[in-house]
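# Reading the structure
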Amino acid sequence: MASTYPFQEIEKKWQEFWDKEGTYRAEDLPSSEKQKKFYGLIEFPYPSGEGLHVGHPRSYIAIDLMTRKKRMEGKDVLYPIGWDAFGLPTENFAIKHKVKPADATAKNVANFTRQIKSLGIGFDWSREINTTDPAYYRWTQWMFLKFYGSYFDVVEGRAKPIDLLAIPQNVAEQGEEATRRFRDEHRMAFKAETKINWCPSCKIGLANEEAIGGVCERCGSTVEQRTKEQWMIRITAYAQRLLDDLANVDYLEKIKAQQINWIGRSEGAYVDFGIRTDKSGDLLPEKLTVFTTRPDTLFGATYMVLAPEHEMVSRWIEDGSIENATEVEAYKAQARGMSELQRQENKEKTGVQLKGVVAINPANNEKIPVWIADYVLAGYGTGAIMAVPAHDERDFEFAQKFGLPIVQVVAAAEGDETRGLPFTVKGVAFDSGILNGLTTDEATTKMIEWLAQNGYGRGAINYKLRDWVFSRQRYWGEPIPLVKCQKCGWVPVPEEQLPVTLPDVDNYEPTDNGDSPLAAIRSWVETTCPHCGGPAERETDTMPNWAGSSWYFMRYCDPHNDKAFADPEKLKFWMPVDLYNGGMEHTTLHLLYSRFWYKFLWDLGLVPHECGSEPYAKRRSHALILGEGGIKMSKSKGNVVNPDDVVKDYGADVFRVYQMFIGPFDQDAPWDTHGIEGVRRFLEKVLRIFDSVIPAEAGTQEPDSPVKPWNDNVETLLHQTIKKVGEDIEAMHFNTAVSALMILVNEMSESRTSYRVPRADLETLLKLVAPFAPHMTDELWHKLGHETSIHREAWPQYDPAKCVTSTFEMVVQVNGKVRDKMEVATDIPEEEAKAKALASEKVKPYLDGKEPQKVVYVKGRLVSISI
RNA sequence: GGGCCCGUGGCGGAAUUGGUAUACGCAACGGACUUAAAAUCCGUCGCCGCAAGGCAUGUGGGUUCGACUCCCACCGGGCCCACCA
């Protein structure tokens, strides 16, 4: 800014002042009734070594504006900050540079803190949290144990303590071991085999994001698939509730759509197919069950496909039912070696027929061949499909490639696009003809009835959502607080012994077998069983990054509590979050996981019932700040803007206003070095308005200039601006709020030369600018003689009567074209407006002496004449 | 392939939700002040035209007194998901 305004000094001064005064500290005990609280939340950052990106603050500043306005409106405001600090980049950095991840994290947090504080954001730093702090992850572990100690009651549709799980008679009769197994199978946290991406060179398991294109992101070697027993969390049990409750929250439509999409509910039916092998020569006792959304096309099912991993395939290989077992094994091996990503890239259909095995289509008793192919996914439905090539594109493609029959189901043909290739048309779908003349929906319902009546299947609902793989073979994460005892099996670490802290070692290396680096630290692994006191080993897997971020918004309500993750009374006051803002990249997983986690705790009564079943009342997303020219900022392109540089050159206030003015909040916007100059000019103009009011040397006396009455138009504009800025901030239209302020300031600074702007109006202006440029406005506020911060002042009110002018410029249109404009009284009667318009000299030539066909008056706007 | 969204000056973008298209800002140009520059201030700035006027919101149609806004088709671009039966 101008050399006369020492912004660096002033900004620092106010940041220290706010810190000392606790200007932004949320009330520890609420001072108002619950309706008057506002909890604004931004996604807490991952403190990377790169430092703050210019994109980060966009969200922080936006919510800062909103919370500042709410505070000025007298609400209790909670706007906290913390660090989502566990995770891969830090771990990788630590391994590479042989430093401790905790030390690297502390350094990064210090840097982020310095950067964020320099922006003057009104965070309540007294509530700062860090997911890697044992005092924090103690509760993350505690919550994991709640998952472990619970099951999902299907009848009531909610989680309950595992002690309440009814053990069926026949299980109980089999003894303790069977009972334990039954219980373990029903826990919300359970162990199961899953595939992981394995880099044979780095000897490390990789997240999907690190194995893009099937190669290791770090070293470039081909990623293998390995099978491993991992902890899973039963999020699928909550699929329907996660879907249903979207109706009760205010999320952007596209965010809801993403959640719905990800959960992927589909209605259909399970259908049981009989299986005959040549070897046995007869029907097997077991059935092959498939899930289909189109049971009405059952008659057109001409073959079946199993996922290569389907357990029946292994069984049939073993018992010799499959004649071409070698070929089948080879295909299975090939499929196993492929990562999901490789599979997605190569969409060419492949598969092998299981020779010696046929399935029986229950609709017509026809024998149909059985195949395995990797286009059928083991993880969805039953891992097997009935293939209806006439009504499914993928089946069609497969049938074409392998010469399988294609049968169109006539009753179902309506609505399905004909593929323009010869079909074997079989006419009526059923002996009974029950589907004739029905729509697809009706036929589906009818078919499900038929299946159920004849014992061939039943209606069913399936979700794409899979259970949450919760184990990571990593060091830098929350240890999973379980111990494996040879005698007692998995035993939870008792609550009073939490947290299970990470061992403080100088360095660690990945292991050969895919275990976490923790597995090699024997002194940490070896422990005693909390149950029987015998020798036991700790679980060496750690939790995923998503764990700590699944509940952090609750910890903010009571961050220093060491008796509970948060005091229920404080949760009752602050929850739910009123506005949650973040990037679109987190609108599927993080949002889903945290909603689920919250619902689970709510079910158990650990989150008070009064908080409601959803953690976030409203979710919005910001877009990206791009590099100059509209390309993404990246180190390689050399177009990265460092917020430190901007703050150093222009100050935080300019940076903040520019961030808000750059474009619509939910739209990507390119950084523009020239654009920021315009904002600087604007703020300097604000300073200049106060020059006459505030004498150069700190005095607060107003000069006794000759006073002309304050201009009515500026008065009107002031009230219009109060209205506009307030509404725009609420609607997150920050760019137009800034432009409204610019218009007012332009007007005021022009008027200043001819009129004396009343001090009260100047103070109003200052309050409107305050959330945008907090340092400068507090400085001016104090120079006007105030002792307390402007950020605790009352937000200005507008007078609706003063927002309207007594006259307006009425437009006269003839056949939709503007032909005249005239100044008329705002309350002009309709007839008079029309008469005036028709009498206009400029309009007359267009009337051509004819009588107008229609004359429309739009109040306060225009008269439209058509001839 | 599915879902969501967007096309307005040289650029970022406004438009009271169907009512004066191009607010505000940037860039550019001309001028004032200055020895000069910066800063600041004044002015011009969609296109064609001396002007009157005409034409312009991706393209073509429709509804309407009136369409950037609503409807249909097409063209172009973006984001997310994706062999989910």
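So, a few notes on the structure that sits alongside this text. No experiment lies behind these values; they were computed from the predicted model shown.

Attention now moves to the overall build of chain A. The secondary structure content of chain A amounts to 28 helices and 32 strands. In terms of principal-axis extent, the alpha carbons of chain A reach across some 110 × 85 × 50 Å. The buried share of chain A, reckoned over its 867 residues, is 53%. Between the averaged position of the 104 positive side-chain charges in chain A and that of its 126 negative side-chain charges there is a distance of 1 Å.

With that settled, the discussion passes to the sheet that holds strand β21 (residues 482-485). Spatially, β22-β21-β24-β23 is the arrangement adopted by the 4 strands of the open sheet, whose pairing is antiparallel. Single-partner strands in this sheet number two, and they are β22 (489-492) and β23 (526-528). The mean angle between the axes of side-by-side strands here comes to 40°, regardless of whether they run parallel or antiparallel. Bridge count between β23 and strand β24 (residues 535-538): 3 bridges; the pairing is antiparallel. Bridge assignment links Thr-528 to a residue of β24, and that residue is Pro-535.

Further remarks concern helix α10 (residues 311-318). Among all positions of α10, only Met-312, Val-313, Trp-316 and Ile-317 are buried. Summarising the axial view, the buried residues of α10 lie within an arc of 140°, below the 170-degree limit, and thus occupy one face. The elements touched by buried residues of α10 are β11 (265-277), β12 (283-292), β13 (303-306), α11 (325-337), β14 (352-360) and β15 (367-372). Trailing α10 by a residue or two, Gly-320 shows a phi angle of about 80°, which is positive.

Attention shifts here to the sheet that holds strand β2 (residues 76-78). Taken in spatial order, the 5 strands line up as β2-β1-β25-β26-β10 in an open sheet, and their pairing is parallel. Because the sheet does not close on itself, it has two edges, and the strands there are β2 and β10 (250-251). Contacts between helix α2 (residues 55-72) and the sheet are confined to β1 (37-42), β2, β25 (579-583) and β26 (618-622), with β1 contributing the most and set at about 175° to the helix.

Once that is clear, we can look at the pairing of strand β29 (residues 807-814). Within β29, 6 of the 8 residues are buried, which leaves the element mostly enclosed by the surrounding structure. When β29 meets strand β30 (residues 817-825), the two strands line up antiparallel, connected through 8 bridges. The partner of Glu-809 across the bridge, within β30, is Glu-823. Judged from the 4 bridges that link them, β29 and strand β32 (residues 862-866) form a sheet pairing that is parallel. Counted as the bridge partner of Gln-813 is Ser-864 from β32.

Another point: the packing of aromatic side chains. Taken as a whole and assessed by the stated rule, the structure comprises 47 aromatic pairs. An angle of 70° between the planes, with centres 5.9 Å apart, marks the rings of Tyr-60 and Phe-123 as edge-to-face. One end of the pair, Tyr-60, is in helix α2; the other, Phe-123, is in the loop between α4 (101-117) and β4 (129-130), with 63 residues separating them in the sequence. By the burial criterion, Tyr-60 is buried, and Phe-123 matches it. Seen in terms of ring centroids, Phe-147 and Phe-600 are 4.0 Å apart; in terms of plane orientation they differ by 15°. Their pairing is stacked. Taken as a pair, Phe-147 in helix α5 (residues 134-148) and Phe-600 in helix α19 (residues 589-603) lie far apart in primary sequence, 453 residues in all. Its end group placed over the ring of Tyr-148, Arg-187 keeps NZ or CZ at 4.0 Å from the ring centre. Between the NZ or CZ atom of Lys-349 and the centre of the ring of Tyr-375, over which it lies, the distance is 5.2 Å.

Bringing the protein's contact with RNA strand B into the picture now. The environment of RNA strand B is made up of 52 residues, and the closest members are Thr-293, Lys-349, Arg-394, Lys-464 and Arg-861. Of what RNA strand B places within 4 Å of the protein, 57% of the atoms are sugar or phosphate. Per-element accounting of the surface near RNA strand B gives the leading share, 6 residues, to helix α24 (residues 734-751). Across the surface near RNA strand B, the residue classes tally to 17 nonpolar, 16 polar and 19 charged.

Where α5 meets α19, the closest approach of the two axes is 11 Å, and the angle between their N-to-C directions is 70°. In terms of orientation, α5 lies roughly perpendicular with respect to α19. For α5 against α19, the interelement crossing comes out left-handed. Contact residues: Thr-140, Met-143, Lys-146 and Phe-147 in α5; Phe-596, Trp-597, Phe-600 and Leu-601 in α19. Its residues placed into classes, the contact of α5 with α19 shows 6 nonpolar, 1 polar and 1 charged.

Quick look at the packing of α10 against α11 now. The contact between α10 and α11 brings their axes to 10 Å, and the two run at 145°. Here the hand of the crossing between α10 and α11 comes out left-handed. Together, Val-313, Ser-314 and Ile-317 of α10 and Ala-325, Val-328, Glu-329 and Lys-332 of α11 make up the contact between the two elements. The residue makeup of the contact of α10 with α11, split by class, is 4 nonpolar, 1 polar and 2 charged.

So, on to the pattern of salt bridges. Applying the stated criterion across every chain, the model contains 51 salt bridges. Residue Glu-27 pairs with Arg-792 through a salt bridge whose shortest N-O separation is 3.9 Å. Note that Glu-27 is positioned in the loop between α1 (7-21) and β1 and Arg-792 in the loop between α26 (774-783) and β29, a separation of 765 residues in sequence. Between Arg-114 and Asp-644 there is a salt bridge, with its nearest N and O atoms 2.9 Å apart. With Arg-114 in helix α4 and Asp-644 in helix α20 (residues 643-650), this residue pair connects regions lying 530 residues apart in the sequence. Owing to a relative accessible area of 22%, Asp-644 belongs among the partly exposed residues under this scheme. The structure contains a network of salt bridges with shared partners spanning Asp-28, Asp-124, Arg-127, Asp-558 and Lys-570.

What follows covers the pairing of β13. Where burial is concerned, the two faces of β13 agree: the one with Tyr-303 and Val-305 and the one with Met-304 and Leu-306 are both buried. Where β13 and strand β16 (residues 384-387) come together, 4 bridges link them in antiparallel fashion. What sits directly across from Leu-306, in β16, is Ala-384. In this sheet, β15 lies alongside β13 in parallel orientation, the contact comprising 3 bridges. Looking at β15, one finds that Val-305 is bridged to Trp-371.

We now examine helix α13 (residues 393-402). Asp-395, Phe-396, Phe-398 and Ala-399 are the residues of α13 that are buried. Along the long axis of α13, the arc covered by the buried residues comes to 165°, so they all point the same way. As for α13, its buried residues are in contact with β13, β15 and β16. Count one or two residues on from α13 and you reach Gly-403, which has phi positive near 65°.

The linkage connecting Leu-498 with the following residue, Pro-499, adopts the cis geometry, with an omega of 0°. Cis geometry marks the peptide bond from Met-575 to Pro-576, where omega comes out at -5°. With respect to the helices and strands, Pro-576 occurs in the loop between α18 (568-574) and β25. Positive phi, close to 60°, is recorded for Asn-365, a residue that is not glycine. For Asn-365, the position within the fold is in the loop between β14 and β15. In this model, Met-732 sits at a positive phi of 60°, which is unusual for a non-glycine residue. Here Met-732 falls in the buried class, since its relative accessible area comes to 8%.

Cut-offs used in this document
Residues numbered from 1 in each chain as written. Chains lettered and ligands numbered in written order. Predicted model: local features only at pLDDT ≥ 70, side-chain atom pairs only at ≥ 80, totals over all residues. Heavy atoms only, no water. Helix = DSSP H or I, 4+ residues; strand = E, 2+ residues; numbered from the N terminus. Buried < 20%, exposed > 50% of the residue type's maximum accessible area, 1.4 Å probe, protein only. Lys, Arg positive; Asp, Glu negative; His and termini not counted. Charge placed at Lys NZ, Arg CZ, Asp CG, Glu CD. Pairing = 2+ DSSP bridges. Axes fitted to C-alpha atoms, helices over the stretch in contact; angles between N-to-C directions. Arc of directions from axis to C-beta. Contact = heavy atoms within 4.5 Å. Phe/Tyr/Trp six-rings, centres within 6.5 Å; stacked < 30°, edge-to-face > 60°. Lys NZ or Arg CZ within 6 Å of the ring centre and 35° of its normal. Near = heavy atom within 4 Å. Nonpolar A, V, L, I, M, F, W, Y, C, P; charged D, E, K, R; others polar. Parallel < 35°, antiparallel > 145°, perpendicular 65-115°, else oblique. Left-handed = near helix turned anticlockwise from the far one by under 90°. Salt bridge = Lys/Arg side-chain N within 4 Å of Asp/Glu carboxyl O.

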